[in-house]
Structures are given as structure tokens and as C-alpha cells.
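Listed here are the chains, written in short residue letters.
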Amino acid sequence: MRKRLGIISFFVMLFIAFITIWNFSYQKGLEEGYITIIEPPSNSYIPSESGVFKRSEHAFDYTKMPVDEQHQRTLETYYNNRAYPGAPPSIPHPVKKELTMGGNVCLQCHQNGGFVEKFNAYAPVTPHPEMVNCRQCHVTQNVQSIFKEIAFYKAKPPSVGSGANNALPGSPPMMPHQLQMRENCLSCHAGPAAPKEIRVTHPERINCRQCHLPTITETAEFGVFVRQSEDHEE
Ligand code: HEC
Ligand code: HEC
Ligand code: HEC
Ligand code: HEC
């Protein structure tokens, strides 16, 4: 009887010791979960990444869409409509009311694109449907060549295709452009209005920036402009 009691109390003590040690190491493990977050330096921020997913719901439609060979845009016509690469394109078609700023009138065609019979072309999808005062930045064409009278030197656009932006054949090319106002990749790179040289073969991969990095890495901070005033003293 005494022998059995001794064995039982030995196992009870062993069990208590196990629980104590296990609990101690469990608590220790929890503590390590709290890593102090170090404030990133103010000049190295990640530009918004949510824009990549703005048109993701249309990705599979773009995958299935056949290429309409008759009405494809090229990068040449694309750049011809811009004062320099990245400049707001001019409006190449007539606009009815001279006084409207845009908004819903323009978004009817430019929100999701589609073929427009009277212009015999696909409407390009706007990367920024939220900027509703379209004509604040987009002007109608009055003459064919905007900068005819002066010797305006148009910056050369970055080249694309066959090894221009990738390290190895078959590796993902880097984005030769900035990300500002270009977060919404599918608006320019997918669908029938995308220039054929940059129309993506894989719109369904969704998270473009997982594989494609920008070549421009600087993220300079410009600070807040404060007007200097003579009678202002700290
Ligand atoms: C009836 C449909 C329709 C409406 C409404 C419309 N557009 Fe367009 N837009 C088009 C089509 C189609 C094209 C392509 C024309 C081409 O490639 O020849 C185009 C081209 C453009 C382009 C040139 C894009 C580029 O990548 O070069 C701009 C800028 C533009 N439209 C702005 C506007 C603005 C601003 C409004 C509102 C005032 C507007 N559009 C209203 C159908 C429309
Ligand atoms: C604050 C100025 C601004 C406003 C407002 C604005 N845009 Fe733009 N838009 C731009 C600039 C700049 C570009 C060229 C973007 C680039 O190449 O990175 C552009 C490009 C475009 C393009 C061509 C996209 C492509 O393939 O390059 C279309 C189409 C367009 N805008 C339509 C519109 C419509 C429609 C509206 C109104 C709902 C509008 N924009 C409002 C500045 C503006
Ligand atoms: C306003 C339209 C626009 C948007 C939005 C845009 N791009 Fe581009 N992209 C272009 C144009 C135009 C080119 C051709 C080179 C140039 O002019 O910058 C290009 C070139 C590229 C190339 C090089 C292709 C090659 O064959 O070398 C890649 C990769 C690319 N873009 C990826 C992206 C990704 C990823 C996004 C989203 C984060 C994006 N782009 C958003 C217009 C756009
Ligand atoms: C899993 C990695 C991956 C993802 C995600 C991805 N790409 Fe690509 N991309 C590649 C590779 C690899 C190539 C080179 C293809 C080749 O050479 O055959 C490429 C090529 C391209 C090109 C050059 C033209 C072409 O299609 O070959 C463009 C433009 C482009 N990608 C844009 C995009 C856009 C826009 C997205 C988001 C919808 C995206 N990519 C998502 C890996 C990726």
C-alpha cells in the first residue's frame, strides 16, 4: 500500500512539474510574439499598393476576350496623343457640351471601355475614375500637332519588349515607369484598348507587383510648403 502511494505521489509530482515547466515556456513563447515595431524612416514609404486590385474582377473576362486585330492600338498612336510620356492625353474625339467638366458623361465610355461605333474604336479605360473633373487635365484637340510652332523636344519613351526591361529571357520585365497614377495596372495593360505592345498575356495573375518591380526606386519626400513671412517669428 505504502509503495503504491509512493509511486502515485511520484507521478503526481512529475505531472505538476511538467505543467509548471510547460506553462513557463508557453508564456515565454507568447512574450516573444510581441516584437517592437521600429518606426520606418519618413523618406522610405511604400506607395499605395491597393490600386493593383482595382480592376481584378474583370481579369478573367480579359483572359477570355479574343484579340480584335482590326481595331488594335499601337504605342505609336498612344504616344502621338501625349505631349510627353506620362502627360495627360488630349481628347481625340468631339465633345458635345463645351462647358461640362466631364464626370459621368465621360465615364459612360471610359469607366469600363467597350467598342464605340461612331468613333470606330475601343474606348480606353481610365486608370483614375475617381478624378471626376476630367477636362481639368484633358483638353480637346484643336490642331493635329499640339506643339507645332515651337521647337518642343519630346522626351523619348522607355523601350519595351524583347529583353528591354528584363534581366533574362522569360523573366518578368521591370516596370520602366513610375507608380504614381499608375497603380491600376489592368486599366492600361489589359483589354482591347490597351496598345498591343504592352497588352498583358496574363491578366488573371492579379497581383502584378508580386513579380514586376519598378525601375525607379527613389521615393523623395518634398515636405510641406510653408510660405515665408517677414513678420512671422517663431
Ligand atoms: C461615346 C463614348 C465616349 C464618350 C462619351 C467619351 N469618350 Fe473619350 N474616347 C472614346 C473612344 C472610343 C476613344 C478612342 C478613340 C481612338 O482611339 O481613336 C476615346 C479616347 C479618349 C482619350 C484618349 C485616350 C488615350 O489613351 O489616348 C481621352 C483623353 C478621352 N477619350 C477623354 C474623354 C473625356 C474627358 C470625355 C468626357 C468629356 C470623353 N472622353 C467622353 C469614347 C468616348
Ligand atoms: C488631375 C488630372 C487628371 C484628371 C482630373 C483626369 N485625368 Fe485622365 N489622365 C491624366 C494623366 C496625367 C494621364 C496619363 C497617365 C500616365 O500616362 O501615367 C491620364 C490618362 C488618361 C487616360 C489614358 C490611360 C492610358 O492608357 O494611358 C484616359 C482614358 C483618361 N485619362 C481618362 C480620364 C477621364 C475619363 C477622366 C474623368 C473621369 C480623367 N481622365 C481625369 C490626368 C488626369
Ligand atoms: C497609365 C497607363 C499605365 C498603367 C496604369 C500602368 N502601366 Fe505599365 N506601361 C504603360 C506604358 C505606356 C508602358 C510602355 C513604356 C512606357 O511608356 O512607360 C508600360 C510598360 C510596362 C512594362 C514593361 C513591358 C515590357 O514589355 O517591357 C511592365 C512590366 C509594366 N508596364 C507593368 C505595369 C504594372 C505592374 C502596372 C501596375 C502597377 C502598370 N504597368 C501600370 C502604361 C501603364
Ligand atoms: C507570377 C509572376 C507574374 C505576375 C503575378 C504577373 N506577371 Fe507579368 N510577366 C511575368 C513574366 C515571367 C513575364 C515575361 C513573360 C515572357 O517573357 O513570356 C511577364 C511579362 C509581362 C509583360 C510584358 C508583355 C507580356 O505579356 O509578355 C507585361 C506588360 C506584364 N507582364 C504585366 C503584368 C500585369 C499588368 C500583371 C498583373 C495583372 C502581371 N504582369 C502579373 C510574370 C508575372
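As a reminder, the structure under discussion sits directly above these lines.
Residues numbered from 1 in each chain as written. Chains lettered and ligands numbered in written order. Predicted model: local features only at pLDDT ≥ 70, side-chain atom pairs only at ≥ 80, totals over all residues. Heavy atoms only, no water.

Trainee: I'd like a description of the site of ligand 2, backed by residues and values.
Mentor: Inspection of the region around ligand 2 gives 21 residues, with His128, Cys134, Cys137, His138 and Arg182 positioned closest. Within the contact set of ligand 2, an oxygen atom lies 2.6 Å away from a side-chain nitrogen or oxygen of Arg182. With three residues, helix α4 (residues 104-110) is the largest single contributor of residues to the shell around ligand 2. Residues belonging to the shell around ligand 2 are distributed by class as follows: 13 nonpolar, six polar and two charged. (Near = heavy atom within 4 Å. Polar contact = N/O pair within 3.5 Å; in protein donor to acceptor, adjacent residues only side chain to side chain. Helix = DSSP H or I, 4+ residues; strand = E, 2+ residues; numbered from the N terminus. Nonpolar A, V, L, I, M, F, W, Y, C, P; charged D, E, K, R; others polar.)

Trainee: Mind laying out the packing of aromatic side chains, listing which residues take part and the relevant values?
Mentor: Counted according to the given criterion, the structure contains four aromatic pairs. When the ring of Tyr78 is compared with that of Tyr79, the centres are 5.5 Å apart and the planes differ by 80°; the resulting orientation is edge-to-face. Judged by relative accessible area, Tyr78 falls into the buried class, the value being 10%. Ring geometry for Phe115 versus Tyr122: centroids 5.0 Å apart, planes at 65°, classification edge-to-face. Assessed through its relative accessible area of 34%, Phe115 is described here as partly exposed. Residue placement shows Arg82 over the ring face of Tyr78; its charged tip is 3.6 Å from the ring centre. (Phe/Tyr/Trp six-rings, centres within 6.5 Å; stacked < 30°, edge-to-face > 60°. Buried < 20%, exposed > 50% of the residue type's maximum accessible area, 1.4 Å probe, protein only. Lys NZ or Arg CZ within 6 Å of the ring centre and 35° of its normal.)

Trainee: Which residues make up the coordination of the iron atom of ligand 4, and what are the values?
Mentor: In the first shell of the iron atom of ligand 4, the protein supplies His202 (NE2) and His212 (NE2), at 2.0 Å from the metal. If you look at the iron atom of ligand 4, its six donor atoms make angles of 87 to 178° with each other, and the shape they trace is octahedral. On the criterion of sequence distance, the pair formed by His202 in the segment after α5 (185-189) and His212 in the segment after α5 is long-range, its members being ten residues apart. (Donors = N, O, S within 2.8 Å, 3.2 Å for Na, K, Ca; no water. Tetrahedral: all angles 85-135°; square planar, octahedral: opposite > 155°, others 65-115°.)

Trainee: Quick rundown of the coordination of the iron atom of ligand 3? Include the residues and the values.
Mentor: Angles between donor atoms at a metal ideally measure 109.5 degrees for a four-coordinate tetrahedral arrangement and either 90 or 180 degrees for a six-coordinate octahedral one. Taken together, His177 (NE2) and His189 (NE2) make up the full set of protein donors to the iron atom of ligand 3, lying 2.0 Å away. Around the iron atom of ligand 3 sit six donor atoms; with metal-centred angles ranging over 87 to 179°, the donor geometry is octahedral. Residue His177 is located in the loop between β2 (121-123) and α5, and its partner His189 is located in helix α5; the two are separated by twelve residues in the primary sequence. Judged by its relative accessible area of 16%, His177 is buried. Classification of His189 as partly exposed rests on a relative accessible area of 24%.

Trainee: Break down a nonpolar patch on the surface for me, with residues and values.
Mentor: Among the surface-exposed residues, Phe15, Phe18, Ile19, Trp22, Tyr26 and Leu30 lie close enough to one another that they form a single nonpolar patch of about 660 Å² accessible area. As for its placement among the helices and strands, Tyr26 is situated in helix α1 (residues 2-32). A residue is classified by how much of its surface remains accessible, and Tyr26, at 42% relative accessible area, is partly exposed. (Patch = residues over 30% accessible without salt bridge, like charges linked within 9 Å, V, L, I, M, F, W, Y side chains within 5 Å. Areas by Shrake-Rupley, 256 points an atom, 1.4 Å probe, with all protein chains shown as cover. Salt bridge = Lys/Arg side-chain N within 4 Å of Asp/Glu carboxyl O.)

Trainee: Tell me what's going on with the environment of Pro158, and back it up with residues and numbers.
Mentor: Its place among the elements puts Pro158 in the loop between β2 and α5. Beyond its immediate chain neighbours, meaning those up to four positions away, Pro158 contacts Tyr79 and Pro176. (Contact = heavy atoms within 4.5 Å.)

Trainee: Outline the side chain of Arg199, listing residues and values.
Mentor: Within the secondary structure, Arg199 sits in the segment after α5. Among buried Asp, Glu, Lys and Arg side chains, Arg199 stands out as unpaired, with Glu69 the closest opposite charge at 8.3 Å. For Arg199, the side chain forms a polar contact with the main-chain oxygen of Gly191, separated by 3.4 Å. Excluding its chain neighbours within four sequence positions, the residues that come into contact with Arg199 are Met65, Pro66, Val67, Gln72, His189, Gly191, Pro192 and Ala194. (Lys, Arg positive; Asp, Glu negative; His and termini not counted.)

Trainee: Would you mind going over the site of ligand 1 in detail, with residue names and values included?
Mentor: Taken together, 22 residues surround ligand 1, and among them Asn81, His93, Cys106, Cys109 and His110 come closest. Interatomic distance of 2.9 Å between a side-chain N/O atom of Arg73 and an oxygen atom of ligand 1. The set of elements that each furnish at least two residues to the shell around ligand 1 consists of α4 and β2. Ranked by residues supplied to the shell around ligand 1, first place goes to α4 with four residues. Split by residue class, the shell around ligand 1 holds 14 nonpolar, five polar and three charged.

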